Amino acid sequence: MRTLIEARGLTKTFGATPALRGVDLDVSTGESVAVMGPSGSGKTTLLHVLAGITRPDAGTVRLHRGAGVVDLGAAGEKRRSELRRTSFGFVFQQGLLVPELTVLENVALPLLLNGVARTDAAAEALRLLASLGIGETGERRVGELSGGQQQRVAIARAQAVRPAVVFADEPTGALDSVTSGEVMTALLASTVNSGRALIVVTHDEAVAARCGRVLRMRDGMVVAESGAPAPAAAGEQEPVR
Amino acid sequence: MTLVSLVRLFGRRGVGDPATVALPAIAFAVVTLCVTVVAGGVHAFFALPGDQALVYRILSLIALVLLGVPLATLGASAARLAARRRDERLSTLRLLGASTRLVSALTVVEATTVALAGALAGAVASLAALPFGALLRFDGQALGAAIWPPLWAYPGVVAGVMLLAAASAAIGLRRVMLTPLGVRTRTVVPRVRRIRAVIAVLVIAAAAAAMSRLGLFGSIAVVIAVMLGCFAAVLAVLGLVGPLVLRGFARGWLRRARTAGRLLAARSVLDDPKAAWRQVSGVAMVSFVAVFAGVGAAFAEASASGGDPVARTLAADIRSGVLITLIMSFAMVACAVGVNQAAAVLDRRALYVALDRAGMPARVMHAARSRAVLAPLLVVTIGAAVCAAVVVLPLTGIALFLEPLTLLVIAGCLAAGIGLVWAGLLATRPVLAGVLAAGLVEV
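Residues numbered from 1 in each chain as written. Chains lettered and ligands numbered in written order. Predicted model: local features only at pLDDT ≥ 70, side-chain atom pairs only at ≥ 80, totals over all residues. Heavy atoms only, no water.

J.: Could you clarify how one ought to interpret the pattern of salt bridges in this entry?
T.: Any two side chains of opposite charge can pair if their charged atoms end up close together. What the rule picks out here adds up to 16 salt bridges over all chains. The closest approach of N and O atoms between Glu-105 of chain A and Arg-267 of chain B, which form a salt bridge, is 2.8 Å. Of this pair, Glu-105 of chain A sits in helix H3 (residues 103–113) while Arg-267 of chain B sits in helix H9 (residues 260–271), each in a different chain. Residue Glu-105 of chain A shares its accessibility class with Arg-267 of chain B, and that shared class is buried. Here Glu-205 of chain A makes a salt bridge to Arg-216 of chain A, at a shortest N to O gap of 3.2 Å. Taken together, the positions of Glu-205 of chain A in helix H7 (residues 205–209) and Arg-216 of chain A in strand S9 (residues 213–218) put the pair 11 residues apart, joining distant regions of the chain. Classification of Glu-205 of chain A as partly exposed rests on a relative accessible area of 46%. Residue classification places Arg-216 of chain A among the partly exposed residues on the basis of a relative accessible area of 30%. (Salt bridge = Lys/Arg side-chain N within 4 Å of Asp/Glu carboxyl O. Helix = DSSP H or I, 4+ residues; strand = E, 2+ residues; numbered from the N terminus. Buried < 20%, exposed > 50% of the residue type's maximum accessible area, 1.4 Å probe, protein only.)

See below:
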């Protein structure tokens, strides 16, 4: 295992509301981390800061990549956007897939944004969909899929650029418990089992229980942490960017 | 919760303001300005004396029919945006127990209020514009004071715009689901049926048959009614085949798309060719008529040069009328595009925020939105112009040779119009920027 994300002293305030107050966190390859806490505790802000969506007011977020270390807090908007496009994957609560695109095109979209040729992007997208057991849905529209299938497509999209870290914000929030379990299995299999890190923001204890570590937040601080960094599960590891 | 509290909650500012408030208001102002000026023009043409008076009246009515399409599109777009920008508060009101009927009524009232503000601004703007219109020369004389519509026209136009806004908002709400869980546009996309092409051919054949037998209709009033009817029918038919044509083009764009922006744009048009067509249909009709009438005017000017001064004046006047109609149509389409795009951004704000978080540059989102509008616009503008040129092919060639300036001016106006629509798209950039910025503030 090697460190992927190293966050120190993260502080963020929105107006008069402190969202993060001196949060430290290390995340390594093959790790899964659940971030829990009541609404307004700062968990989504933490995810945004770690992913370079939002800059912290104070503190540092270092991303260790094969080519070196990047300080996300110091990087400009364009650079952070590029990093999100090339080094991170995202899964949101509602899937948030582009409704007019086919399933295959949705998964291929991040690759096209990175300049991959359309035929190559389509082939990779098809491989990812097949690995998640939904290869037959490629030509269908997002609206024709069930909630669970849509989240699998979102997971496939998040894997497309072979990211170092996948961030998931309430990925099972809109699903029933059975489908939620299936989606978590798919999410863990496609990240942790492939040597990637997974950071999940969730309210669901069952989801958190599937992760190697659980951080509990309140008032912008990590107030409890359970579980030790787990080694990557056995299996073929894909290269991470 | 009292009705007053509900109304107060409804009146609070939301994400996307002030652009989302200003855009429909500006759109309604432009509608009022255009209607008032056109009404003034028609009023002036009907006041023209002389032998050619009837011709001018017919031409002014044709311009009125042509401007009606973009005008209706713009009004409907403004009303839809006025309804959609309320989404969170509409949902909250539903959660608080307000009925769909009450929420719908508040939305209609709000759209009508925005329309009133815009219409009053447009009426005031027309007071500044009409003196310039009075300088326009038709039939050898300036339109002068005749361009001022009668006083009753002002409250009439303002009331008409408010009525249009109320009706459009009510109809537009049928396409929007008001539930406690949020406001969403109904996503059932109407299918484009090939039977439309068959109907189009039949209507065009019937119109051609009627036009070739005008002599059989006896009275001049019936002849004019038949001509205007045929004209309107052919325009309506364009609306039937337009989406089919755009769908065909979009399939080609999709096959050739190599970038994310082009893929998104092609799919956007293909997803709802009717909506893509509606947005630019006004230009298609005007472009067709502009070239058709422009060639006619150029040919008439060339034929009449040094000869019949009445024919020469009429030809020059047709050219002026075409240019004025063209500019007004493009202005309305540009406004409608701006308003539609602002509404689309607000409707898909969660998706845009998600794509931004996943690293899609805002310029790619802009590029996709722009291409999804400008590509169909180019197709319909150039396509309609080429169709018109082909219909009168021998005359086009002669006109181009004898009076190239007339056709060049019309081509320049078409190009400037496309630029105007592009400017309308640019005006919606702050709305997307606001949505992306607002999406970052989540604890």
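J.: What is the right way to look at unusual backbone geometry in this model?
T.: Phi is mostly negative for residues that are not glycine, and the peptide bonds are mostly trans. Of note, the phi angle at Arg-162 of chain A is positive, near 50°, even though the residue is not glycine. Secondary-structure assignment places Arg-162 of chain A in the loop between helix H5 (147–159) and strand S7 (165–169).

J.: Sorry, what's going on with the interface of chain B and chain A here?
T.: Much of the literature gives interface size as the accessible area that the parts lose upon coming together. Taken together, the contacts link 27 residues of chain B with 29 residues of chain A. Carbon and sulfur atoms make up 62% of the surface buried where chain B meets chain A, a total of about 2,500 Å² over both sides. The tally of links between chain B and chain A comes to three salt bridges. The interface formed by chain B and chain A includes nine residue pairs in polar contact (both at pLDDT 80 or more). Looking at the side of chain B that touches chain A residue by residue, the class counts come to 16 nonpolar, three polar and eight charged. (Contact = heavy atoms within 4.5 Å. Buried area = accessible area lost by both parts, 1.4 Å probe. Polar contact = N/O pair within 3.5 Å; in protein donor to acceptor, adjacent residues only side chain to side chain. Nonpolar A, V, L, I, M, F, W, Y, C, P; charged D, E, K, R; others polar.)

J.: Explain the pairing of strand S3 (residues 32–36) of chain A to me, please; I cannot follow it from the model alone.
T.: A regular strand carries its side chains on alternate faces of the sheet. All names here are of chain A. Among the five residues of S3, five are classified as buried, and the element is accordingly described as predominantly covered. By the alternation rule, side chains of S3 split into Ser-32, Ala-34 and Met-36 and Val-33 and Val-35, which are all buried. Relative to strand S8 (residues 197–201), S3 runs parallel, the two sharing four bridges. Bridge pairing links Val-35 to Val-201 in S8. (Pairing = 2+ DSSP bridges.)

J.: For this particular structure, what's the right way to read a positive patch on the surface?
T.: A surface patch of like charges, here positive, comprises Arg-194, Arg-251, Arg-255 and Arg-256 of chain B. With respect to the helices and strands, the residue Arg-251 of chain B is situated in helix H8 (residues 220–256). (Patch = residues over 30% accessible without salt bridge, like charges linked within 9 Å, V, L, I, M, F, W, Y side chains within 5 Å. Areas by Shrake-Rupley, 256 points an atom, 1.4 Å probe, with all protein chains shown as cover. Lys, Arg positive; Asp, Glu negative; His and termini not counted. Charge placed at Lys NZ, Arg CZ, Asp CG, Glu CD.)

J.: Could you clarify how one ought to interpret the sheet that holds strand S10 (residues 221–226) of chain A in this entry?
T.: In a beta sheet, neighbouring strands pair by backbone hydrogen bonds and run either parallel or antiparallel. Residue and element names in this part refer to chain A. Strand order across the open sheet formed by six strands is S6-S7-S8-S3-S9-S10, with mixed pairing between neighbours. With one partner strand each, in any of the chains shown, strand S6 (88–91) and S10 form the two edges of the open sheet. Between one strand axis and the next, the sheet turns by 20° as a mean value, whatever way the strands run. Of the pairings in the sheet, the one linking S6 to S7 comprises four bridges and is parallel in character. When the sheet's bridge partners are listed, Phe-90 is paired in S7 with Phe-167. (Axes fitted to C-alpha atoms, helices over the stretch in contact; angles between N-to-C directions.)

J.: How do you make sense of the sheet that holds strand S2 (residues 17–28) of chain A when you look at a structure like this?
T.: Residues and elements named next belong to chain A. The four strands are arranged S2-S1-S4-S5 in an open sheet whose pairing can be described as antiparallel. Each edge of the sheet is formed by a strand with only one pairing partner; in this case those strands are S2 and strand S5 (68–71). Each strand of the sheet is rotated relative to its neighbour by a mean of 20°, with strand direction disregarded. Across four bridges, the pairing between strand S4 (residues 58–65) and S5 is antiparallel. When the bridges of S5 are listed, His-64 appears paired with Val-69. Helix H1 (residues 43–50) contacts strand S1 (3–14), S2 and S4 of the sheet and is inclined by roughly 125° relative to S1.

J.: What's the story with the nonpolar core in this structure? I'm lost.
T.: Grouped together as the largest cluster of nonpolar side chains are 181 residues, with contacts concentrated most on Ile-5, Leu-10, Leu-50, Val-165 and Phe-167 of chain A together with Val-421 of chain B. It is helix H11 (residues 309–347) of chain B that contributes the most residues to this core, 16 residues altogether. Counting the residues that make up this core, at least three belong to each of domain 1 (1–188) and domain 2 (239–443) of chain B. For Leu-10 of chain A, the contacting residues outside a window of four places in its chain are Leu-20, Arg-21, Gly-22, Val-23, Leu-46, Val-49, Leu-50, Pro-56, Ala-58, Gly-59, Thr-60 and Val-61 of chain A. (Core = buried A, V, L, I, M, F, W, Y, C linked by side-chain atoms within 4.5 Å. Domains from an automatic or database assignment.)

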